[in-house]
Amino acid sequence: MIGPLLKEWRTLRGKSQLALALEAQVSARHLSFLESGRSGASPELVLRLAEALGLGLRDRNALLVAAGFAPQFGERGWHSEELAEIRRAAGLILSSHEPYPAIVVDSTSTVLEANSGALALLGQGREVLGKVNLMDLVFVPGPVRSAIGNWEEIAGYLLHRLREGTRMRGPRSPVATVLARVLAQPGVEALTALRPANAGSVLVPLTFTREGTTTRWYTTLTSFGAPQDALVEEITIEQFHPM
(Lines give C-alpha, C1' and ligand atoms only; values in the text may rest on other atoms or scores of the structure.)
Protein backbone atom coordinates (compact mmCIF):
# COMPACT_ATOMS: atom_id res chain seq x y z
CA MET A 1 0.00 0.00 0.00
CA ILE A 2 1.35 3.40 -1.00
CA GLY A 3 -0.54 5.29 1.73
CA PRO A 4 1.67 4.68 4.79
CA LEU A 5 4.89 5.17 2.82
CA LEU A 6 3.62 8.35 1.20
CA LYS A 7 2.55 9.76 4.57
CA GLU A 8 5.91 8.83 6.10
CA TRP A 9 7.85 10.70 3.42
CA ARG A 10 5.51 13.69 3.60
CA THR A 11 6.03 13.86 7.37
CA LEU A 12 9.81 13.53 7.03
CA ARG A 13 9.81 16.42 4.57
CA GLY A 14 7.66 18.53 6.89
CA LYS A 15 4.93 19.06 4.29
CA SER A 16 1.21 19.35 4.89
CA GLN A 17 -1.21 17.47 2.64
CA LEU A 18 -2.21 20.76 1.05
CA ALA A 19 1.40 21.81 0.36
CA LEU A 20 2.27 18.45 -1.21
CA ALA A 21 -0.94 18.40 -3.22
CA LEU A 22 -0.19 21.83 -4.68
CA GLU A 23 3.36 20.86 -5.64
CA ALA A 24 2.25 17.57 -7.21
CA GLN A 25 -0.71 19.17 -8.98
CA VAL A 26 -3.31 16.91 -7.36
CA SER A 27 -6.28 17.77 -5.15
CA ALA A 28 -5.77 17.64 -1.40
CA ARG A 29 -8.83 15.39 -1.21
CA HIS A 30 -7.28 12.86 -3.59
CA LEU A 31 -4.01 12.94 -1.65
CA SER A 32 -5.91 12.32 1.58
CA PHE A 33 -7.66 9.34 -0.02
CA LEU A 34 -4.29 8.01 -1.22
CA GLU A 35 -2.80 8.14 2.28
CA SER A 36 -5.85 6.48 3.82
CA GLY A 37 -5.96 3.73 1.20
CA ARG A 38 -9.34 4.79 -0.17
CA SER A 39 -7.93 5.65 -3.58
CA GLY A 40 -5.14 4.55 -5.94
CA ALA A 41 -2.65 6.45 -8.08
CA SER A 42 -1.35 6.19 -11.62
CA PRO A 43 2.40 5.75 -12.18
CA GLU A 44 2.50 9.33 -13.44
CA LEU A 45 0.98 10.65 -10.24
CA VAL A 46 3.34 8.54 -8.10
CA LEU A 47 6.31 10.05 -9.91
CA ARG A 48 4.93 13.57 -9.51
CA LEU A 49 4.55 12.99 -5.78
CA ALA A 50 8.08 11.54 -5.60
CA GLU A 51 9.42 14.60 -7.42
CA ALA A 52 7.60 16.96 -5.05
CA LEU A 53 9.03 15.03 -2.09
CA GLY A 54 12.57 15.22 -3.48
CA LEU A 55 13.07 11.46 -3.50
CA GLY A 56 16.08 9.78 -5.08
CA LEU A 57 15.66 7.15 -7.77
CA ARG A 58 15.87 4.24 -5.34
CA ASP A 59 13.06 5.66 -3.20
CA ARG A 60 11.00 6.53 -6.30
CA ASN A 61 11.17 2.87 -7.26
CA ALA A 62 10.04 1.89 -3.77
CA LEU A 63 7.07 4.27 -3.98
CA LEU A 64 6.09 2.82 -7.37
CA VAL A 65 6.27 -0.73 -6.01
CA ALA A 66 4.17 0.25 -2.99
CA ALA A 67 1.54 1.57 -5.40
CA GLY A 68 1.53 -1.75 -7.29
CA PHE A 69 3.71 -0.77 -10.26
CA ALA A 70 7.06 -1.98 -11.57
CA PRO A 71 10.19 0.07 -10.81
CA GLN A 72 11.08 2.48 -13.60
CA PHE A 73 14.73 3.12 -12.73
CA GLY A 74 17.64 0.70 -12.63
CA GLU A 75 19.20 -0.51 -9.38
CA ARG A 76 22.29 -2.24 -10.72
CA GLY A 77 25.46 -3.30 -8.92
CA TRP A 78 28.83 -1.60 -9.35
CA HIS A 79 30.27 -4.57 -11.26
CA SER A 80 27.24 -5.11 -13.50
CA GLU A 81 27.66 -5.12 -17.27
CA GLU A 82 25.30 -2.14 -17.59
CA LEU A 83 27.61 0.05 -15.50
CA ALA A 84 30.77 -0.79 -17.48
CA GLU A 85 30.86 2.68 -19.06
CA ILE A 86 30.41 4.31 -15.64
CA ARG A 87 33.30 2.27 -14.24
CA ARG A 88 35.45 3.23 -17.22
CA ALA A 89 34.69 6.94 -16.76
CA ALA A 90 35.40 6.76 -13.03
CA GLY A 91 38.60 4.86 -13.72
CA LEU A 92 39.81 7.59 -16.07
CA ILE A 93 39.24 10.23 -13.39
CA LEU A 94 41.04 8.16 -10.76
CA SER A 95 44.03 7.29 -12.95
CA SER A 96 44.44 10.86 -14.24
CA HIS A 97 44.54 12.12 -10.64
CA GLU A 98 47.56 9.98 -9.72
CA PRO A 99 49.74 10.24 -7.72
CA TYR A 100 47.19 12.05 -5.58
CA PRO A 101 44.43 10.04 -3.87
CA ALA A 102 40.96 9.60 -5.41
CA ILE A 103 38.12 7.25 -4.45
CA VAL A 104 34.65 6.25 -5.64
CA VAL A 105 32.05 5.85 -2.88
CA ASP A 106 28.33 5.04 -2.80
CA SER A 107 25.66 6.69 -0.66
CA THR A 108 26.79 4.77 2.44
CA SER A 109 30.46 5.73 1.86
CA THR A 110 31.47 2.20 0.91
CA VAL A 111 34.65 2.52 -1.14
CA LEU A 112 33.86 0.98 -4.54
CA GLU A 113 37.10 1.95 -6.29
CA ALA A 114 40.32 3.75 -5.42
CA ASN A 115 43.55 4.67 -7.14
CA SER A 116 46.95 3.65 -5.79
CA GLY A 117 47.42 7.04 -4.10
CA ALA A 118 44.24 6.57 -2.07
CA LEU A 119 45.06 2.99 -1.11
CA ALA A 120 48.50 4.10 0.07
CA LEU A 121 47.02 6.98 2.09
CA LEU A 122 44.48 4.70 3.76
CA GLY A 123 46.91 1.81 4.19
CA GLN A 124 44.58 -0.62 2.38
CA GLY A 125 44.95 -3.18 -0.39
CA ARG A 126 42.70 -3.55 -3.45
CA GLU A 127 41.03 -6.59 -1.91
CA VAL A 128 39.05 -4.33 0.46
CA LEU A 129 37.27 -2.44 -2.37
CA GLY A 130 33.52 -2.85 -2.06
CA LYS A 131 33.90 -4.04 1.53
CA VAL A 132 35.50 -1.21 3.49
CA ASN A 133 33.51 1.87 4.53
CA LEU A 134 35.19 5.28 4.61
CA MET A 135 33.17 6.35 7.67
CA ASP A 136 34.30 3.26 9.59
CA LEU A 137 37.92 4.03 8.72
CA VAL A 138 37.56 7.60 10.01
CA PHE A 139 35.41 6.99 13.10
CA VAL A 140 36.35 3.53 14.41
CA PRO A 141 39.54 3.67 16.52
CA GLY A 142 42.38 2.42 14.32
CA PRO A 143 45.30 3.53 12.15
CA VAL A 144 43.31 5.87 9.88
CA ARG A 145 41.56 7.70 12.71
CA SER A 146 44.87 7.98 14.58
CA ALA A 147 46.57 9.41 11.49
CA ILE A 148 44.12 12.33 11.16
CA GLY A 149 45.69 15.26 13.01
CA ASN A 150 42.51 17.36 13.00
CA TRP A 151 40.16 14.45 13.60
CA GLU A 152 37.49 16.48 15.44
CA GLU A 153 37.11 18.91 12.52
CA ILE A 154 37.00 16.18 9.86
CA ALA A 155 34.71 13.94 11.90
CA GLY A 156 32.34 16.84 12.58
CA TYR A 157 32.04 17.58 8.87
CA LEU A 158 31.51 13.91 7.96
CA LEU A 159 28.92 13.60 10.72
CA HIS A 160 27.05 16.49 9.13
CA ARG A 161 27.25 14.70 5.75
CA LEU A 162 25.83 11.51 7.25
CA ARG A 163 22.98 13.35 8.96
CA GLU A 164 22.10 15.13 5.72
CA GLY A 165 22.13 11.79 3.89
CA THR A 166 19.85 10.28 6.52
CA ARG A 167 17.48 13.24 6.32
CA MET A 168 17.25 12.88 2.55
CA ARG A 169 16.97 9.08 2.42
CA GLY A 170 15.02 8.35 5.59
CA PRO A 171 15.62 6.79 9.02
CA ARG A 172 15.46 3.20 7.70
CA SER A 173 17.96 3.75 4.89
CA PRO A 174 21.45 2.18 4.76
CA VAL A 175 22.89 5.65 5.38
CA ALA A 176 20.99 5.80 8.68
CA THR A 177 22.55 2.46 9.65
CA VAL A 178 26.03 3.87 9.04
CA LEU A 179 25.15 6.98 11.06
CA ALA A 180 24.01 4.85 14.01
CA ARG A 181 27.24 2.85 13.83
CA VAL A 182 29.32 6.02 13.78
CA LEU A 183 27.46 7.60 16.72
CA ALA A 184 28.35 4.58 18.84
CA GLN A 185 32.10 5.19 18.45
CA PRO A 186 34.13 6.76 21.28
CA GLY A 187 34.38 10.54 21.27
CA VAL A 188 31.65 11.09 18.70
CA GLU A 189 28.89 12.21 21.07
CA ALA A 190 31.02 15.17 22.16
CA LEU A 191 31.58 16.37 18.58
CA THR A 192 30.13 19.60 17.32
CA ALA A 193 29.16 19.09 13.68
CA LEU A 194 30.59 21.65 11.27
CA ARG A 195 33.00 23.34 13.66
CA PRO A 196 33.78 26.97 12.68
CA ALA A 197 36.81 27.23 10.42
CA ASN A 198 39.91 29.13 11.46
CA ALA A 199 39.91 32.82 10.60
CA GLY A 200 40.67 33.36 6.94
CA SER A 201 40.12 29.71 6.02
CA VAL A 202 37.56 28.78 3.35
CA LEU A 203 38.07 25.00 3.60
CA VAL A 204 38.81 22.54 6.39
CA PRO A 205 41.95 20.65 5.33
CA LEU A 206 42.56 16.99 6.11
CA THR A 207 45.82 16.72 8.05
CA PHE A 208 47.20 13.21 7.72
CA THR A 209 50.34 11.66 9.16
CA ARG A 210 51.72 8.35 7.88
CA GLU A 211 55.19 6.92 8.53
CA GLY A 212 56.34 10.19 10.09
CA THR A 213 55.29 12.36 7.13
CA THR A 214 52.44 14.87 7.54
CA THR A 215 50.42 16.01 4.52
CA ARG A 216 47.46 18.37 4.19
CA TRP A 217 44.65 17.91 1.67
CA TYR A 218 41.40 19.44 0.47
CA THR A 219 38.89 17.46 -1.56
CA THR A 220 36.55 17.95 -4.50
CA LEU A 221 33.42 15.89 -5.18
CA THR A 222 32.24 14.76 -8.62
CA SER A 223 28.95 13.07 -9.54
CA PHE A 224 27.37 11.83 -12.78
CA GLY A 225 24.83 13.99 -14.59
CA ALA A 226 21.31 12.89 -15.59
CA PRO A 227 21.42 9.45 -13.92
CA GLN A 228 18.75 6.83 -14.67
CA ASP A 229 20.10 4.24 -12.24
CA ALA A 230 19.91 4.45 -8.46
CA LEU A 231 23.55 3.55 -7.80
CA VAL A 232 24.83 5.91 -10.50
CA GLU A 233 22.81 8.72 -8.89
CA GLU A 234 24.37 7.96 -5.50
CA ILE A 235 28.01 7.63 -6.60
CA THR A 236 30.51 10.30 -5.60
CA ILE A 237 34.10 10.55 -6.79
CA GLU A 238 36.24 12.27 -4.16
CA GLN A 239 39.62 13.64 -5.21
CA PHE A 240 42.29 14.73 -2.73
CA HIS A 241 44.44 17.75 -3.63
CA PRO A 242 47.61 18.79 -1.80
CA MET A 243 47.11 21.95 0.22
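Not measured: the values here are computed from a predicted model.

Reading guide: rules and limits
Residues numbered from 1 in each chain as written. Predicted model: local features only at pLDDT ≥ 70, side-chain atom pairs only at ≥ 80, totals over all residues. Heavy atoms only, no water. Domains from an automatic or database assignment. Contact = heavy atoms within 4.5 Å. Buried area = accessible area lost by both parts, 1.4 Å probe. Salt bridge = Lys/Arg side-chain N within 4 Å of Asp/Glu carboxyl O. 1 Å grid on protein atoms, 1.4 Å probe; cavity = no way out; pocket = protein on both sides within 12 Å on 5 of 7 lines; lining within 4 Å. Points joined across faces, edges and corners; volume = space filled by probe spheres on them. Helix = DSSP H or I, 4+ residues; strand = E, 2+ residues; numbered from the N terminus. Nonpolar A, V, L, I, M, F, W, Y, C, P; charged D, E, K, R; others polar. Buried < 20%, exposed > 50% of the residue type's maximum accessible area, 1.4 Å probe, protein only. Polar contact = N/O pair within 3.5 Å; in protein donor to acceptor, adjacent residues only side chain to side chain. Arc of directions from axis to C-beta. Pairing = 2+ DSSP bridges. Phe/Tyr/Trp six-rings, centres within 6.5 Å; stacked < 30°, edge-to-face > 60°.

Peer 1: A description of the domain arrangement of the chain should follow, citing residues and the corresponding values.
Peer 2: Domains assigned within the chain are domain 1 (2-67) and domain 2 (81-242). Between domain 1 and domain 2, the contact holds ten residues from the first and 13 residues from the second. The contact between domain 1 and domain 2 buries some 810 Å² in all, and 46% of this surface belongs to carbon and sulfur atoms. In this structure, Glu 234 and Arg 58 form a salt bridge, with 2.9 Å as the shortest nitrogen-oxygen distance.

Peer 1: Can you tell me about the layout of surface pockets, naming the residues and giving the values?
Peer 2: Each pocket or cavity is described by its volume, and for the largest pocket that value is around 870 Å³. Put simply, the parts of the chain that give the lining of the largest pocket at least two residues each are helix H1 (2-12), helix H5 (57-66), helix H10 (151-169), helix H11 (174-183) and helix H12 (230-234). With seven residues, the single largest contributor to the lining of the largest pocket is H10. Within the lining of the largest pocket, the residues separate by chemical class into 18 nonpolar, ten polar and ten charged. Two domains each donate at least three residues to the lining of the largest pocket, and these are domain 1 (2-67) and domain 2 (81-242). If you trace the second largest pocket, you find 23 residues lining it, with Ile 154, Tyr 157, Leu 158, Thr 219 and Glu 238 closest to the centre. Of all the secondary-structure elements, those providing two or more residues to the lining of the second largest pocket are helix H7 (116-122), helix H8 (134-139), H10, strand S3 (206-210), strand S4 (213-222) and strand S5 (236-242).

Peer 1: Please give an account of the side chain of Asn 115 that cites residues and values.
Peer 2: Structurally, Asn 115 can be placed in the loop between strand S2 (111-114) and H7. Since its relative accessible area comes to 5%, Asn 115 is described here as buried. A distance of 3.1 Å separates a polar atom in the side chain of Asn 115 from the backbone oxygen of Leu 94. A polar contact is formed between the side chain of Asn 115 and the backbone nitrogen of Ala 118, at a distance of 2.9 Å.

Peer 1: Account for helix H4 (residues 43-53), with residues named and values stated.
Peer 2: By the burial criterion, the buried members of H4 are Leu 45, Val 46, Leu 49, Ala 50, Ala 52 and Leu 53. The arc that holds every buried residue of H4, seen down its axis, measures 160°, which confines them to one face. Turned more than 90 degrees away from the buried face of H4 sit Glu 44 and Glu 51, all of them exposed. Once H4 ends, the next one or two residues include Gly 54, with phi positive near 70°.

Peer 1: Talk me through H11; I want residue IDs and the actual numbers.
Peer 2: Within H11 the residues assigned to the buried category are Val 175, Ala 176, Val 178, Leu 179 and Val 182. Projection of H11 onto a plane perpendicular to its axis shows the buried side chains occupying an angular sector of 160°, all on one side.

Peer 1: Explain the pairing of S3 to me, and be specific about the residues and the numbers.
Peer 2: Two strands pair when backbone bridges link them, and S3 and S4 are joined in this way by five bridges, in the antiparallel orientation. Counted as the bridge partner of Thr 207 is Arg 216 from S4.

Peer 1: Run through empty space enclosed by the protein, naming residues and quoting values.
Peer 2: Counted according to the given criterion, the structure contains one cavity of 30 Å³ or more. Reported here for the largest cavity is a volume of approximately 30 Å³. Lining the largest cavity are Val 111, Ala 114, Leu 119, Leu 122, Gln 124, Val 128, Leu 129, Val 132 and Leu 137. Elements represented by at least two residues in the lining of the largest cavity include exactly S2 and H7. Considered class by class, the residues forming the lining of the largest cavity number eight nonpolar, one polar and no charged.

Peer 1: Explain the packing of aromatic side chains to me, and be specific about the residues and the numbers.
Peer 2: Tallied over the entire structure, the rule returns two aromatic pairs. Residues Tyr 100 and Trp 217 carry aromatic rings whose centres are separated by 6.1 Å and whose planes lie at 70° to one another, so their mutual orientation is edge-to-face. You can see Tyr 100 sitting in the loop between helix H6 (84-96) and strand S1 (102-105) and its partner Trp 217 sitting in strand S4, a full 117 residues away along the chain. With relative accessibility at 36%, the residue Tyr 100 sits in the partly exposed group.

Peer 1: Lay out the pattern of salt bridges in plain terms, naming residues and giving numbers.
Peer 2: One pass over the full model with this rule turns up twelve salt bridges. Ionic pairing is found between Glu 8 and Arg 172, a salt bridge with its closest N-O pair at 3.0 Å. Residue Glu 8 is found in helix H1, and its partner Arg 172 is found in the loop between H10 and H11; the two are separated by 164 residues along the sequence. What makes Glu 8 partly exposed here is its relative accessible area of 24%.

Peer 1: Explain the pairing of S1 to me, and be specific about the residues and the numbers.
Peer 2: Residues of S1 alternate between two faces, with Ala 102 and Val 104 on one and Ile 103 and Val 105 on the opposite face, all of them buried. Where S1 and S2 come together, three bridges link them in antiparallel fashion. For Val 105, the partnering residue across the bridge sits in S2 and is Val 111.

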